[in-house]
Every structure is written in C-alpha cells, then in structure tokens.
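Coordinates in review
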Amino acid sequence: MANISQKYAQALYDVAEEQNLTDDILNELDQITISVKGLLSEVRAIDNNPKLAKNERQQFVENVFKGVSKPLLNTLFLLANNSKLSLIPEIDGDYRKIYNQVHSQDLMKVESVYPLSNEELDEIGKAFIKRTGLKKLILENQVNDSLIGGIRVSIGTKVYDGSIQNDLTQLTKSFQQMK
C-alpha cells in the first residue's frame, strides 16, 4: 500500500506546489490524520462498503472535511471514490517526507535519560545539521530511562547511538568475541 500512498502524496504535493499551498496542505493533512487515526476501523468500513454510491462517498467527504483547501479536498474525493480513505495517515507521512526532502529538513528524535533543555536541544541540532548537511531539523525529545546516560538520535532511518547502554552492549559483544 505504501506505493499507492506515495503516488497520491506526490500528486497532491505537485498540485500544492503549483498553487503555493504546500505548507497549508501539510498542516491540514496533519490535522485530518490526527482526527482520523482513532477512527481507522470506521473509515475502513466506509472504504469496504460496496453499497455506498459514488455520490454518497463524495457527500461524506464534503461534510466531514469541509473547509480544507481545494487540492486536498479533490484528493479526498479521489480517495473516497477509489475506496482508499483509510490511506490518509500514510499519505500524510509520504507528503511530509516529500515536503522535508524539498525543504532539506527532517525530524530528529533525541532520546535521553531526562528531558533536555531547549539550549541543549539546539546545540545537538546544530551539531547534526553540520553532520547531515540538512538545512533544518525538527527536534523532538523523548525520555528513555533504559539508556542509562548519553543520547540516541534518530534522523530518518539513521540512528546515532551515544548512550551508555550502547557502550555496554558493545563492550559485552567484544568480550564474547574474545572467548
């Protein structure tokens, strides 16, 4: 399904870019995803209901998603007509990936034993901007007691592990290899 959601996301991004609405649609998609995530089983039921006619699906989209930008509304109509409304969270994620790539930015999750201050996060962010070559990192701090100390940073699919837990694991592995 990821391939389908990527195609919808790319098409939506292309239209949004033409109309200078990429930021607005990103925010609208995020809000819709937050609203829909808890109701995915109901949305799937709508997708899987063969008795719903095309006009009923479009009326549903019009009523539920009233007020969103025209390109997003048209995409939602397409999703409803093709019984793919349950792909909204995946499309949101894929749209965000495209947006981040175009804007040379990414989400950076910083795991630490305690909540980091804004100053600490800024310093870590600056170091990783230099390391990754990205223009911007969207910082998110998560507390993880199992690290013992240090930090673990995730940017996209890359993980930089500077935790004491990782050091201990590596030390254990090296001792096991010596046997």
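Before reading on, note that the structure itself is shown above.
Residues numbered from 1 in each chain as written. Predicted model: local features only at pLDDT ≥ 70, side-chain atom pairs only at ≥ 80, totals over all residues. Heavy atoms only, no water.

It is worth spelling out the overall build of the chain at this point. Within the chain, the regular secondary structure consists of eight helices and four strands. Overall, the chain shows an N-to-C arrangement of helices and strands of α-α-α-α-α-α-β-α-β-β-β-α. The C-alpha radius of gyration of the chain comes to 21 Å, more than 25% above the 16 Å expected for a compact globule of 179 residues. Along the first, second and third principal axes, the C-alpha set of the chain runs to 70 × 35 × 25 Å. Each of the 179 residues in the chain was classed as buried or not, and the buried ones make up 37%. (Helix = DSSP H or I, 4+ residues; strand = E, 2+ residues; numbered from the N terminus. Rg over C-alpha atoms; globule rule 2.2 N^0.38 Å. Buried < 20%, exposed > 50% of the residue type's maximum accessible area, 1.4 Å probe, protein only.)

Another point: the sheet that holds strand β4 (residues 158-163). Pairing is mixed in the open sheet, where four strands are placed in the order β2-β1-β3-β4. Of all the strands in the sheet, the pair left with one neighbour each is β2 (136-143) and β4. Here the average twist between neighbouring strands, direction ignored, is 15°. On the sheet, helix α7 (residues 118-132) packs against β1 (105-112), β2, β3 (150-155) and β4 and is oriented at approximately 130° with respect to β2. (Pairing = 2+ DSSP bridges. Axes fitted to C-alpha atoms, helices over the stretch in contact; angles between N-to-C directions. Contact = heavy atoms within 4.5 Å.)

What follows is about the packing of aromatic side chains. The final tally for this structure, using the stated rule, is two aromatic pairs. For the ring pair Y13 and Y95, a centre distance of 5.3 Å and an interplane angle of 55° mean the geometry is tilted. Highlighted residues: Y13 in helix α1 (residues 2-18) and Y95 in helix α6 (residues 88-102), separated in sequence by 82 residues. According to the relative accessible area criterion, Y95 is buried, its value standing at 0%. (Phe/Tyr/Trp six-rings, centres within 6.5 Å; stacked < 30°, edge-to-face > 60°.)

Attention now moves to the packing of helix α2 (residues 22-37) against α6. At a minimum axis distance of 9 Å, the contact between α2 and α6 shows a crossing angle of 150°. When the axes of α2 and α6 are compared, the pair comes out roughly antiparallel. For the pair α2 and α6, the crossing hand works out as left-handed. Along the contact surface, α2 presents T22, D23, I25, L26, L29, D30, I32, T33, V36 and K37, while α6 presents I88, P89, D92, Y95, R96 and Y99. When grouped by side-chain class, the residues that make up the contact of α2 with α6 number nine nonpolar, two polar and five charged. (Parallel < 35°, antiparallel > 145°, perpendicular 65-115°, else oblique. Left-handed = near helix turned anticlockwise from the far one by under 90°. Nonpolar A, V, L, I, M, F, W, Y, C, P; charged D, E, K, R; others polar.)

Quick look at the environment of S41 now. Turning to its location among the elements, S41 is positioned in helix α3 (residues 40-47). Spatially, the C-alpha atoms of S41 and T157 are 29 Å apart, while their sequence positions differ by 116 residues. Side chain to side chain, S41 and E42 meet in a polar contact 3.0 Å long. (Polar contact = N/O pair within 3.5 Å; in protein donor to acceptor, adjacent residues only side chain to side chain.)

Attention now goes to the pairing of β4. One face of the sheet, then the other: side chains in a regular strand alternate in exactly this way. Relative to β4, β3 runs antiparallel, the two being bridged by six bridges. Directly across from V153, in β4, lies its bridge partner Y160. Linking two consecutive strands that pair antiparallel, namely β3 and β4, is a turn of two residues; a positive phi of about 60° is found at G156 within it.

Attention now moves to a nonpolar patch on the surface. Nonpolar side chains collect at one region of the surface, where I148, I164, L168, L171, F175 and M178 lie side by side and expose about 600 Å² of accessible area between them. As for its position among the elements, L168 is in helix α8 (residues 164-178). (Patch = residues over 30% accessible without salt bridge, like charges linked within 9 Å, V, L, I, M, F, W, Y side chains within 5 Å. Areas by Shrake-Rupley, 256 points an atom, 1.4 Å probe, with all protein chains shown as cover. Salt bridge = Lys/Arg side-chain N within 4 Å of Asp/Glu carboxyl O.)

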